[in-house]
Amino acid sequence: MFGGNSNWRGPVWMPLNVMIIGSLKRYHRFLGDEYTVEYPRLPGRTLAQLFKAQGHRTAFLHTGDLDYVNQRGFLEDRGFDVIQDFRDLGAGERLSSWGGEDRHLVDAMLRYVDQEKGRPFYVMAWTIQSHHPYDPSPDQPFVDFFGGDLPPDDYDLGRYLNTLRAVDRQLG
């Protein structure tokens, strides 16, 4: 942690470093690997805070569930005017345990942009459908990207490519 090339620093800082490291090891034995700090207040500013200070509208849109580990609470003081998850976006029923279909995210982004056309905006849009388990939209046909010659990991790769295809189609 500390050091230098002076003759007195070694004898002073070395025992302090040993004591600090020993204390950290004792905390680890007591708290274990599972200790986390919820809602850490990190130094610095988010992009949303920077843009908001310049007069931009800011939004965090997500087709997942922001109640999972209280992500909504984490985002509340990060500079977003609007924070919405799959329920707020009108995504209907869950597509998977993570949330709804990404097509609702694209629609929500376009609605948000059109609300105040003359005012600049910043949107953080977080997709969920392109994350494991890669659940494709039920109304979309499943495409065999490998022509029947399936690679060993086709279950995930094929599903992943189909979800990307659906999001790409929605974006136009």
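These numbers come from a predicted model, not from an experiment.

Tell me about the nonpolar core, and please be specific about residues and values.
Core analysis: the largest hydrophobic core is formed by seven residues, namely Ala48, Phe60, Leu66, Leu75, Phe80, Ile83 and Tyr122. Once residues lying within four places of it in the same chain are set aside, the contact partners of Leu75 are Phe60, Leu66, Phe80 and Ile83.

A description of the packing of aromatic side chains should follow, citing residues and the corresponding values.
The description of two aromatic rings rests on the distance between their centres and on the angle between their planes. Tallying each qualifying case throughout the model produces five aromatic pairs. A ring pair is formed by Tyr68 and Trp98, whose centres lie 5.8 Å apart and whose planes are at 80°; its orientation type is edge-to-face. A residue pair is termed long-range when its members are at least 10 positions apart, and Tyr68 in the loop between strand E1 (57-62) and helix H3 (71-75) and Trp98 in the loop between strand E2 (82-84) and helix H4 (103-115) qualify at 30 residues. An angle of 70° between the planes, with centres 5.1 Å apart, marks the rings of Tyr134 and Tyr160 as edge-to-face. On the criterion of sequence distance, the pair formed by Tyr134 in the loop between strand E3 (121-126) and helix H5 (154-171) and Tyr160 in helix H5 is long-range, its members being 26 residues apart.

Which residues make up a nonpolar patch on the surface, and what values go with them?
The grouping of Ile20, Leu24, Tyr27, Phe30 and Leu31 at the surface amounts to a nonpolar patch, some 550 Å² of accessible area in total. Examined against the element boundaries, Leu31 turns out to sit in helix H1 (residues 9-31). Look at Leu31 and you get partly exposed, because its relative accessible area is 34%.

Tell me about the pattern of salt bridges, and name the residues and values.
Under the defined criterion, the tally for this structure stands at twelve salt bridges. Where Glu116 meets Arg119, a salt bridge forms, and the shortest distance between an N and an O atom there is 3.5 Å. Through salt bridges with shared partners, one network takes in Asp65, Asp67, Arg72, Asp85, Arg87, Asp88 and Arg94.

How would you explain the pairing of E1 if you had to name every residue and give the values?
Taken across its six residues, E1 has six buried, putting it largely inside the fold. Of the two faces of E1, the one holding Arg57, Ala59 and Leu61 and the one holding Thr58, Phe60 and His62 are both buried throughout. Sheet analysis places E1 next to E3, joined by six bridges and oriented parallel. Along E3, the bridge assignment pairs Ala59 with Val123. Pairing of E1 with E2, which is carried by three bridges, proceeds in the parallel orientation. Residue Ala59 lies in a different strand from E2, and its bridge partner there is Val82.

Talk me through the sheet that holds E3; I want residue IDs and the actual numbers.
Pairing is parallel in the open sheet, where three strands are placed in the order E2-E1-E3. Each edge of the sheet is formed by a strand with only one pairing partner; in this case those strands are E2 and E3. Pairs of neighbouring strands in the sheet enclose a mean axial angle of 10°, with direction left out of account. In the packing of H4 onto the sheet, the strands contacted are E1, E2 and E3, and the crossing angle to E1 comes to about 170°.

Quick rundown of empty space enclosed by the protein? Include the residues and the values.
The full count for this structure, using the stated rule, is two cavities of 30 Å³ or more. Taken as a whole, the largest cavity holds about 50 Å³ of empty space. Forming the boundary of the largest cavity are Leu95, Ser96, Trp98, Gly99, Gly100, Ile128, Gln129, His131, Pro133, Tyr134 and Asp135. For the second largest cavity, the calculated volume is near 40 Å³. Its residues placed into classes, the lining of the second largest cavity shows three nonpolar, three polar and two charged.

I'd like to hear about unusual backbone geometry, residue by residue, with values.
Between His132 and Pro133 the backbone carries a cis peptide bond, its omega angle lying at 20°. Here Pro133 is to be found in the loop between E3 and H5. The phi angle at Val69 is positive, at roughly 45°, despite the residue not being glycine. Although it is not a glycine, Asn70 adopts a positive phi angle of roughly 50°. Mapped onto the elements of the fold, Asn70 is located in the loop between E1 and H3. According to the relative accessible area criterion, Asn70 is partly exposed, its value standing at 31%.

Rules and cut-offs
Residues numbered from 1 in each chain as written. Predicted model: local features only at pLDDT ≥ 70, side-chain atom pairs only at ≥ 80, totals over all residues. Heavy atoms only, no water. Core = buried A, V, L, I, M, F, W, Y, C linked by side-chain atoms within 4.5 Å. Buried < 20%, exposed > 50% of the residue type's maximum accessible area, 1.4 Å probe, protein only. Contact = heavy atoms within 4.5 Å. Phe/Tyr/Trp six-rings, centres within 6.5 Å; stacked < 30°, edge-to-face > 60°. Helix = DSSP H or I, 4+ residues; strand = E, 2+ residues; numbered from the N terminus. Patch = residues over 30% accessible without salt bridge, like charges linked within 9 Å, V, L, I, M, F, W, Y side chains within 5 Å. Areas by Shrake-Rupley, 256 points an atom, 1.4 Å probe, with all protein chains shown as cover. Salt bridge = Lys/Arg side-chain N within 4 Å of Asp/Glu carboxyl O. Pairing = 2+ DSSP bridges. Axes fitted to C-alpha atoms, helices over the stretch in contact; angles between N-to-C directions. 1 Å grid on protein atoms, 1.4 Å probe; cavity = no way out; pocket = protein on both sides within 12 Å on 5 of 7 lines; lining within 4 Å. Points joined across faces, edges and corners; volume = space filled by probe spheres on them. Nonpolar A, V, L, I, M, F, W, Y, C, P; charged D, E, K, R; others polar.

Nothing here speaks to function; it is all geometry.
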